[in-house]
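Observations on the three-dimensional arrangement
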Amino acid sequence: MSEPYVHIKTENGIATIEFFHPAHNSLPGDLLAKLANTITEAGNNDEVKVIILKSGGDRTFCAGASFTELININDAETGKIFFSGFANVINAMRKCPKFIIGRIQGKTVGGGVGVASATDFCMATKFAAIKLSELNVGIGPFVVGPAVERKLGLSGMSQIAIDANSFYEAEWARQKGLYNQVFDSLEALDEAVQKFAENLCNYNPEAMKEMKKVFWSGTEDWDKLLAERAIISGRLVLSDFTKEKLKSFS
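Residues numbered from 1 in each chain as written. Predicted model: local features only at pLDDT ≥ 70, side-chain atom pairs only at ≥ 80, totals over all residues. Heavy atoms only, no water.

1. So, the overall build of the protein
Of regular secondary structure, the protein possesses ten helices and nine strands. The C-alpha radius of gyration of the protein comes to 17 Å, within 12% of the 18 Å expected for a compact globule of 250 residues. Sorting the 250 residues of the protein into buried and exposed places 51% on the buried side. A separation threshold of at least 6 residues defines the contact pool for the protein, and within that pool the share at least 24 residues apart is 74%. If you sum the accessible surface of the protein, you get close to 11700 Å²; carbon and sulfur atoms cover 52% of it. Of the side chains in the protein, 27 bear a positive and 30 a negative charge, and the two mean positions are spaced by 3 Å. (Helix = DSSP H or I, 4+ residues; strand = E, 2+ residues; numbered from the N terminus. Rg over C-alpha atoms; globule rule 2.2 N^0.38 Å. Buried < 20%, exposed > 50% of the residue type's maximum accessible area, 1.4 Å probe, protein only. Contact = heavy atoms within 4.5 Å. Areas by Shrake-Rupley, 256 points an atom, 1.4 Å probe, with all protein chains shown as cover. Lys, Arg positive; Asp, Glu negative; His and termini not counted. Charge placed at Lys NZ, Arg CZ, Asp CG, Glu CD.)

In structure tokens, the structure reads:
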């Protein structure tokens, strides 16, 4: 399991979408685009009643954006396109008419926290600590911020965005509303996710579709908002401060 991928498997009304990258499930632009498209297609598939979103491996859910691509950004347009990757995934999840269950098996950082926050029901192991590390490299969690704030509230989002060096435990994320349930093992998590998804398949798809609209009410401007946020990050990544910071990480 060394090649990056986005896979989808549909069985008994449950579409399981899995992404993987050997660099701790960090997501380069091409993988983000494929993930957004796969979520959209699953949402439009009448055979699908519910979606499970997961990543490969058992240690890290998502390490955020690809650092290799981040270091190589040299102009504002490339920066905007790069940071639009997570915006497109979050918006695909937001507009998907099916409930998306997040299966978070391990640590998640930066953009990965945004993806977890954009799920409709999120289940994790006790090892699934979260961190918004963007300030460390001279930018900020601008693109994922609205999704994270929607789950954690402004206070919780601000706390982890400012405290950019710290991982916050899964139990903290549960208390704040990001995770709905936390389990002691990966096996217990997988069993609970599958059982929960199967149960949702018994409900009226039209009712769930209308409920999702209600739950995401007030986010109708996110296509524009997240694009604007991507421009801010794309500008900041070109700053002398950030370029020097990135050199120290390369």
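2. Observations regarding helix α5 (residues 145–162)
Its 18 residues give α5 an end-to-end C-alpha distance of only 12 Å, which falls more than 12% under 26 Å, the value for a rise of 1.5 Å per residue. The sharpest bend along α5 comes to roughly 120°, located at Gly153. (Expected span 1.5 Å × (residues − 1). Bend = angle between axes of the 7 residues up to and from the residue.)

3. So, the packing of aromatic side chains
A complete count under the given rule lists seven aromatic pairs for this structure. Taking 5.4 Å as the distance between ring centres and 70° as the angle between the ring planes, the aromatic pair formed by Phe19 and Phe61 counts as edge-to-face. Taken together, the positions of Phe19 in strand β2 (residues 14–20) and Phe61 in strand β4 (residues 60–62) put the pair 42 residues apart, joining distant regions of the chain. Relative to Phe215, the ring of Phe99 lies with its centre 6.2 Å away and its plane at 20°, an arrangement referred to as stacked. (Phe/Tyr/Trp six-rings, centres within 6.5 Å; stacked < 30°, edge-to-face > 60°.)

4. Side note on the sheet that holds strand β7 (residues 121–125)
Here six strands make up an open sheet; going across it, the order is β1-β2-β3-β5-β7-β9 and the pairing mixed. Bordering the open sheet on either side are β1 (5–11) and β9 (181–183), each of which pairs with just one other strand. Within the sheet, the average angular offset between the axes of one strand and its neighbour, ignoring direction, is 20°. As paired elements, strand β5 (residues 99–104) and β7 share four bridges and run parallel to each other. Pairing of Ile101 across the sheet is with Phe121, part of β7. (Pairing = 2+ DSSP bridges. Axes fitted to C-alpha atoms, helices over the stretch in contact; angles between N-to-C directions.)

5. Examining the side chain of Gln105
Position of Gln105 relative to the elements: it lies in the loop between β5 and β6 (107–109). A polar side-chain atom of Gln105 sits 3.4 Å from the main-chain carbonyl oxygen of Thr60. (Polar contact = N/O pair within 3.5 Å; in protein donor to acceptor, adjacent residues only side chain to side chain.)

6. Re the nonpolar core
One finds Leu35, Ile39, Phe83, Ile130 and Tyr179 to be the most contacted residues of the largest nonpolar core, which totals 60 residues. Counting residues per element, this core draws most heavily on helix α3 (residues 76–95), at eight residues. Every residue in contact with Tyr179, bar those within four places of it in the chain, is listed here: Ile104, Thr108, Cys122, Ala124, Ala128, Ile130, Ala170, Ala173 and Arg174. Ranked by size, the runner-up nonpolar core spans 14 residues in total, among them Ile52, Met123, Phe183 and Leu189. (Core = buried A, V, L, I, M, F, W, Y, C linked by side-chain atoms within 4.5 Å.)

7. Some thoughts on the pairing of β2
The buried count for β2 comes to seven of seven residues, which makes it a mostly enclosed element. Taking every second residue as pointing to the same face, both faces of β2 are buried, with Ile14, Thr16, Glu18 and Phe20 on one and Ala15, Ile17 and Phe19 on the other. Here seven bridges tie β1 to β2, and the two strands are oriented antiparallel to one another. When the bridges of β2 are listed, Tyr5 appears paired with Phe20. Connecting β1 to the next strand, β2, in antiparallel fashion are two residues, including Asn12 with a positive phi near 55°. Alignment of β2 against strand β3 (residues 50–55), held across six bridges, turns out to be parallel. Within β3, the position partnered with Ala15 by the bridge is Ile51.

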